[in-house]
Structure formats: structure tokens, C-alpha cells
Amino acid sequence: MRFAALIAASLMLIEPALAEKTPDIDPRASLAVVQQWIYNYRAKPDYAHIPAAVRVLFHSQSFKEPENSGIYLGFIAGAIGSDPARAEQLIASFFPIPPEDEWVIVRAIAYSGLPDWRNILRRLEPRIPERRVMIDGYLSGKLPILTAIPLEEAKPGMLDKLRGAFARNPFSKDEKKLNTTLTYAGNQDLLDTLWGYYFATGSHLPVQRIIQMLPWSKGRDTVDKLTVGSLARYTLADYAIRDASLRDYLRSELATQPASIRGPLAEVVEAADTVEIGALRKDALAAVDELKIKGSDNRRDLDFWGQLGVGAVALGCVSAAALGQVAVGIPCVIGGSAAQGLLQFWEKQQ
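Residues numbered from 1 in each chain as written. Predicted model: local features only at pLDDT ≥ 70, side-chain atom pairs only at ≥ 80, totals over all residues. Heavy atoms only, no water.

**Considerations on the overall build of the chain**
For the chain, the count of helices and strands is 18 helices and 0 strands. Counting the 350 residues in the chain, one finds 49% classified as buried. Residue pairs at least 24 apart in sequence account for 72% of intrachain contacts in the chain once pairs closer than 6 positions are excluded. Accessible surface computed for the chain: about 17400 Å², of which carbon and sulfur atoms make up 55%. (Helix = DSSP H or I, 4+ residues; strand = E, 2+ residues; numbered from the N terminus. Buried < 20%, exposed > 50% of the residue type's maximum accessible area, 1.4 Å probe, protein only. Contact = heavy atoms within 4.5 Å. Areas by Shrake-Rupley, 256 points an atom, 1.4 Å probe, with all protein chains shown as cover.)

Here's what the structure looks like:
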């Protein structure tokens, strides 16, 4: 009831602000309420207030930086997918939507896991014609849905490399574009999206995907994979400290996972049980330092070290990028490139 009153009060202020374009409301105050509500939603679902919460997100310009908004996108996708019978009614309740944010609803529907998501997008298209290209991309399979995104790019065999050496122009810009594949290993924002989906549904499917990233925390292949793996390990432990059901689930997975996952997962469970996650942070920092000095396992050029990818999210903002300060209690850097954020955050914690 307390949240209902707060969110209702927020909306009473938001509607006039949108109409009159006056700066009388501080959207950060409303956003803080929604952030805490999202974090606690899985423990006490409140479906009726999802539209109000989403309007606050739009009003607060939470999607201005798409690469830093995965937590919210994942939550909306999970909310849509959590009740197929009311999905289209829920989607309709989000409108009107700022034109620049319409992409959020398109992607959330595609990521929702609904059996009928394609037809829902087709029916939505006349309402948001400016997003026709994006909608067609998902309907054709050119843009992958969340469950179809691979963990990492498949490594070509020797014959494939030889064929590629003779058939491709390595200096072609078009060729480089063709070789760009969306993967969890190369996109930290997808980790946030999985956590947002978990917050909305309590489903273990996104958690399973995150668990599969744990071996990267022990690898020395690329900085991207080491970073995402370390973030997966850290956030699993951090959320499990506050979530007993998640902690029990992770513990139950120890007996079924392969050795490559079982080791780092055991560290996660121990850190959550003892409420000691500082060691995970220090270990990750040491691993990145070692990779900087010695190079990757495959001896790749270390110039890529400073290029963690456009829109990379620092540890202070990961998985709860926006929930960092409110729910996790760690500093969060939102906006702009966070290529140096990971090390800066860890170094400050030493």
C-alpha cells in the first residue's frame, strides 16, 4: 500500500509535467521508488502497478542511454511474458510512449518469451510505424530474441580459417560489419537484461544463463569475457545474499553443473552464505591485471584491452545498473563510456 500511494502521487505530478513541460517535478525521486519496487517485485508481485512504474521509467528518461538500460528492458520483457492472457492489455497501458522510446516496447515484446510474440508485434506495428524496420528485423530473425542470443561466437576450425583467409577482404568495412555478432560475451548490458527479467518473474531460466557465464571468470581469453564472467559471479553472490530462494537454487545447482561451472559457483554460494563478496572483487581485479601484463591465452594483441565495447557497464552499475545505489548499496556510474569503469571501481574498493 505504501508503494501504491507513492507511485500514484508520482503519476499525479508526472502527467501535468508532460503536458505543460514544466520542471516542477524531480523525476529522480519517483525513479528511486520504482527502482526499489522493481528489486523487490519477485518477492511480492504487483501486476496492477506495472503500467505506472513503466511510465515513471519513461518520464525519467531511463532509456536515453540504451546500453545502460538493460535492467529496465529486462523487467518490462519479463512483465509482459509473465501473464500471456493480459500481455496485450499491459502493452496498451504503456501508451502514449515518447517516440524515441518506442524501441523499448518492441524489444521487450521480442524478449518476452511469449509464444505469440510475433503476432503481437504485427498487431502493434500500425501504432508505431516508425519502428517498422526494427519489427521486421525481429520477425525475419535478423534481430535475435533473448533466448536465441549465443553466449559467444563459435570459434572457427582450421579449415574455416583458411577458407576465410582466401575468401574475405580483412580490410573491408562491410566485411567487419558482417562479422559482428550479438553475444553475451561481448555485451555486458545483456547481463543486466537477464537480471531484470528475473526480477519481474522469479524464473530460474535467466539465472541459468548467467550461471553459464561463470567459467569466463576463470578464463584468460579476452577481457570482454573475463569482465562479463566476473560480473556474473559478483552479481550472483550479491543478489543471493539478499534472496534466500536464489541462494537455495544456486546451492542446488552445485550437484548438477559441470566442473568448469561448479568451481566458480561454489565460490558464489560461499560468498553469499558468509556475506563476504570482497574476495570476488579482488580476485577479478587481479585477473584483469594479469591479463594486462601477460596477454590473453591466445596471445592476441592487447590493444583491445581498453576497448571493452560501446556501452560497457562498470561493475558499480552492472545488473542493476540503475538499482546499484538503491538496492545494492554500491556506487553506480550511469551514462557515457564505462570502458575504464570496471578497474576504477574495483581499485577504489581496495
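**Description of the side chain of Ser 230**
Note that Ser 230 resides in helix α13 (residues 223-242). On the accessibility criterion, Ser 230 (3% relative accessible area) is buried. Polar side-chain contacts of Ser 230 include one of 2.8 Å to the backbone oxygen of Leu 226. (Polar contact = N/O pair within 3.5 Å; in protein donor to acceptor, adjacent residues only side chain to side chain.)

**As for the pattern of salt bridges**
The final tally for this structure, using the stated rule, is 12 salt bridges. Among the ionic pairs, Arg 86 bridges to Asp 83, the shortest N-O distance being 2.7 Å. Taking relative accessible area as the criterion, Asp 83 reaches 18% and is therefore assigned buried. The partner of Asp 273 in a salt bridge is Arg 251, and the shortest N-O contact between them spans 2.6 Å. Here Asp 273, found in helix α15 (residues 259-274), pairs with Arg 251, found in helix α14 (residues 244-253); they are 22 residues apart in sequence, far enough to count as distant. We classify Arg 251 as partly exposed; its relative accessible area is 34%. Where salt bridges share partners, they join Arg 247, Asp 248, Arg 251 and Asp 273 into one cluster. (Salt bridge = Lys/Arg side-chain N within 4 Å of Asp/Glu carboxyl O.)

**Structural notes on the nonpolar core**
Residues Ile 80, Trp 195 and Leu 250 are the most contacted members of the largest nonpolar core, which totals 83 residues. Not counting residues within four places of it along the chain, the set of residues in contact with Leu 250 comprises Val 207, Ile 211, Leu 236, Ala 240, Leu 265, Val 268 and Val 269. (Core = buried A, V, L, I, M, F, W, Y, C linked by side-chain atoms within 4.5 Å.)

**With respect to the environment of Ser 112**
Here Ser 112 is to be found in the loop between α6 (102-111) and α7 (117-124). We classify Ser 112 as buried; its relative accessible area is 1%. Considered as a pair, Ser 112 and Ile 80 are 32 residues apart in the sequence and their alpha carbons are 6.0 Å apart. If we ignore the near neighbours within four places in the chain, the residues touching Ser 112 are Ala 77, Ile 80, Gly 81, Trp 117 and Tyr 197. Among the polar contacts listed, one links the side chain of Ser 112 to the backbone nitrogen of Leu 114, at a separation of 3.2 Å.

**Points about the side chain of Arg 42**
In this fold, Arg 42 is placed in the loop between α2 (27-40) and α3 (50-59). Every residue in contact with Arg 42, bar those within four places of it in the chain, is listed here: Tyr 198, Phe 199, Gly 202 and Asp 243.

**Topic: the packing of α13 against α14**
α14 packs onto α13 with a crossing angle of 125° between their chain directions and a minimal axis gap of 6 Å. One way to sum up the angle between α13 and α14 is to call them oblique. In this structure, α13 contributes Leu 236, Tyr 239, Ala 240, Ile 241 and Arg 242 to the contact, and α14 contributes Ala 244, Leu 246, Arg 247 and Leu 250. Considering only residue class, the contact of α13 with α14 consists of 7 nonpolar, no polar and 2 charged. (Axes fitted to C-alpha atoms, helices over the stretch in contact; angles between N-to-C directions. Parallel < 35°, antiparallel > 145°, perpendicular 65-115°, else oblique. Nonpolar A, V, L, I, M, F, W, Y, C, P; charged D, E, K, R; others polar.)

**A closer look at the packing of aromatic side chains**
Summed over all chains, the structure comprises 14 aromatic pairs. Centroid distance Tyr 39 to Phe 199: 5.6 Å. Interplanar angle 70°. Geometry classified as edge-to-face. Taken together, the positions of Tyr 39 in helix α2 and Phe 199 in helix α11 (residues 189-201) put the pair 160 residues apart, joining distant regions of the chain. For Tyr 39, a relative accessible area of 6% corresponds to the buried category. Accessibility expressed as a relative area gives 0% for Phe 199, which makes it buried. Judged by centre distance (5.8 Å) and plane angle (40°), the ring pair of Tyr 39 and Tyr 239 falls under tilted. With Tyr 39 in helix α2 and Tyr 239 in helix α13, this pair connects stretches of sequence that are 200 residues apart. Note on Tyr 239: relative accessible area 1%, which makes it buried. These aromatic residues form a ring-pair network of at least three members: Tyr 39, Trp 195, Tyr 198, Phe 199 and Tyr 239. The residue whose ring lies beneath Arg 42 is Tyr 39, and the NZ or CZ to ring-centre distance is 5.0 Å. A cation sits over an aromatic face here: Arg 127 above Phe 95, 4.1 Å from the ring centre. (Phe/Tyr/Trp six-rings, centres within 6.5 Å; stacked < 30°, edge-to-face > 60°. Lys NZ or Arg CZ within 6 Å of the ring centre and 35° of its normal.)

Function-wise, these values are silent; they only describe arrangement.
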